[in-house]
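Below, each chain spelled out in residue letters.
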Amino acid sequence: MRIGLYPGTFDPITLGHVDIIRRGCALVDRLVIGVAINRDKGPLFDLDERVSMIEVEAARLTEQTGTEIQVHPFENLSIDCARDVGAGIILRGLRAVSDFEYEYQMVGMNRQLDASIETVFLMAEAHHQAIASKLVKEICRLNGDVSKFVTPAVEAALKRRLRQS
């Protein structure tokens, strides 16, 4: 069985993430969405909220693709998370050349830590390349329209959370 790990903070999950998940499903039998507990980033949504949002999307994508998708919180290195879930592949989405530079360094380090785990890059579809969770949060915070960047459920969650702030 081919198992892949798609790690990230997903704060919140965007249509760009959903696109990478959908396309990643074609490459593996089981895709684990690793939700990073990254205290340094100071996420808008807590871990349980991010996991819940991803589980909703994962259920829909499992129905569409037939690929088993699991959501797995983690607080260790991505390479260790990959080992923990039995993944032989780490999936990474790329939006721009600037993403590649960082990701290239990460692959080099991960290969030093465990050469048996491959990293596969998927380029974001052209209409998703500008989407970044950080920008989506900022647009929503300033009352802009984020409906082109996130699902309706995520948009509603963003608006609720930002009203509470």
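Everything below is about the structure shown above.
Notes on the structure follow. Keep in mind it's a predicted model, so treat the numbers as computed, not measured.

1. A word on the packing of aromatic side chains
(1) Moving on: Counted by the stated rule, this structure contains three aromatic pairs.
(2) Moving on: A ring pair is formed by Phe100 and Tyr104, whose centres lie 5.6 Å apart and whose planes are at 35°; its orientation type is tilted. Highlighted residues: Phe100 and Tyr104, both in helix H4 (residues 97-113), separated by four residues, approximately one helical turn.
(3) Moving on: Judged by relative accessible area, Tyr104 falls into the exposed class, the value being 56%.

2. Some words on unusual backbone geometry
(1) Moving on: Asp11 connects to Pro12 through a cis peptide bond whose omega is 0°.
(2) Moving on: Tracing the chain through its elements places Pro12 in the loop between strand E1 (3-8) and helix H1 (15-24).
(3) Moving on: Non-glycine residue Asn143 carries a positive phi angle of around 65°.
(4) Moving on: For Asn143, the location among the structural elements is in the loop between helix H5 (133-141) and helix H6 (152-164).

3. Focus on the sheet that holds strand E5 (residues 118-123)
(1) Moving on: The strand order across the open sheet formed by five strands is E3-E2-E1-E4-E5, and the pairing between neighbours is parallel. The outermost strands of the open sheet, each flanked by one partner alone, are strand E3 (68-74) and E5. Mean inter-strand twist for the sheet, computed between neighbouring axes without regard to direction, equals 30°.
(2) Moving on: In the sheet, strand E4 (residues 89-94) pairs with E5 via six bridges, with the strands oriented parallel. Within the sheet, the bridge partner assigned to Ile89 lies in E5 and is Glu118.
(3) Moving on: Strand contacts of helix H2 (residues 47-65): strand E2 (30-36) and E3, with the helix running at about 170° to E3, the strand carrying the most contacts.

4. Description of H6
Since there are 3.6 residues in each turn of an α-helix, residues three or four apart along the chain are aligned in direction.
(1) Moving on: Spanning 13 residues, H6 covers 19 Å between terminal C-alpha atoms, matching the ideal 18 Å at 1.5 Å per step.
(2) Moving on: Within H6, the full set of buried residues consists of Val154, Glu155, Ala157, Leu158, Arg161 and Leu162. For H6, the arc enclosing every buried residue in end-on projection is 160°, short of the 170-degree limit, so these residues lie on one face. Residues of H6 that are exposed and point over 90 degrees away from its buried face: Pro152, Arg163 and Gln164.
(3) Moving on: On its buried side, H6 packs onto H2 and H5.

5. Focus on the pairing of E2
On any regular strand, side chains alternate: one points to one face of the sheet, the next to the other face.
(1) Moving on: Most of E2 is tucked away, with seven of its seven residues classed as buried.
(2) Moving on: Of the strand pairs in this sheet, E1 and E2 are connected by six bridges, and their pairing is parallel. Each residue of the ladder has a partner; that of Leu5, found in E2, is Val32.
(3) Moving on: Of the pairings in the sheet, the one linking E2 to E3 comprises seven bridges and is parallel in character. Each bridged residue has a counterpart across the sheet, and for Val35 the counterpart in E3 is Pro73.

6. What to know about the pattern of salt bridges
(1) Moving on: Applying the stated criterion across every chain yields a total of 13 salt bridges.
(2) Moving on: Measuring nitrogen to oxygen at the nearest pair gives 3.9 Å for the salt bridge that ties Glu125 to Arg23. With Glu125 in the loop between E5 and H5 and Arg23 in helix H1, this residue pair connects regions lying 102 residues apart in the sequence.
(3) Moving on: Taking the relative accessible area as the measure of exposure, Arg23 reaches 26% and is therefore partly exposed.
(4) Moving on: A salt bridge links Lys159 to Glu155, with the shortest nitrogen-to-oxygen separation between them at 3.1 Å. With a gap of four residues between them, Lys159 and Glu155 both fall in helix H6, about one helical turn apart.
(5) Moving on: Glu155 gets classed as buried once you look at its relative accessible area, which sits at 15%.
(6) Moving on: Because the salt bridges share partners, they merge into one network encompassing Asp19, Arg23 and Glu125.

The rules we used
- Residues numbered from 1 in each chain as written.
- Predicted model: local features only at pLDDT ≥ 70, side-chain atom pairs only at ≥ 80, totals over all residues.
- Heavy atoms only, no water.
- Phe/Tyr/Trp six-rings, centres within 6.5 Å; stacked < 30°, edge-to-face > 60°.
- Helix = DSSP H or I, 4+ residues; strand = E, 2+ residues; numbered from the N terminus.
- Buried < 20%, exposed > 50% of the residue type's maximum accessible area, 1.4 Å probe, protein only.
- Pairing = 2+ DSSP bridges.
- Axes fitted to C-alpha atoms, helices over the stretch in contact; angles between N-to-C directions.
- Contact = heavy atoms within 4.5 Å.
- Expected span 1.5 Å × (residues − 1).
- Arc of directions from axis to C-beta.
- Salt bridge = Lys/Arg side-chain N within 4 Å of Asp/Glu carboxyl O.

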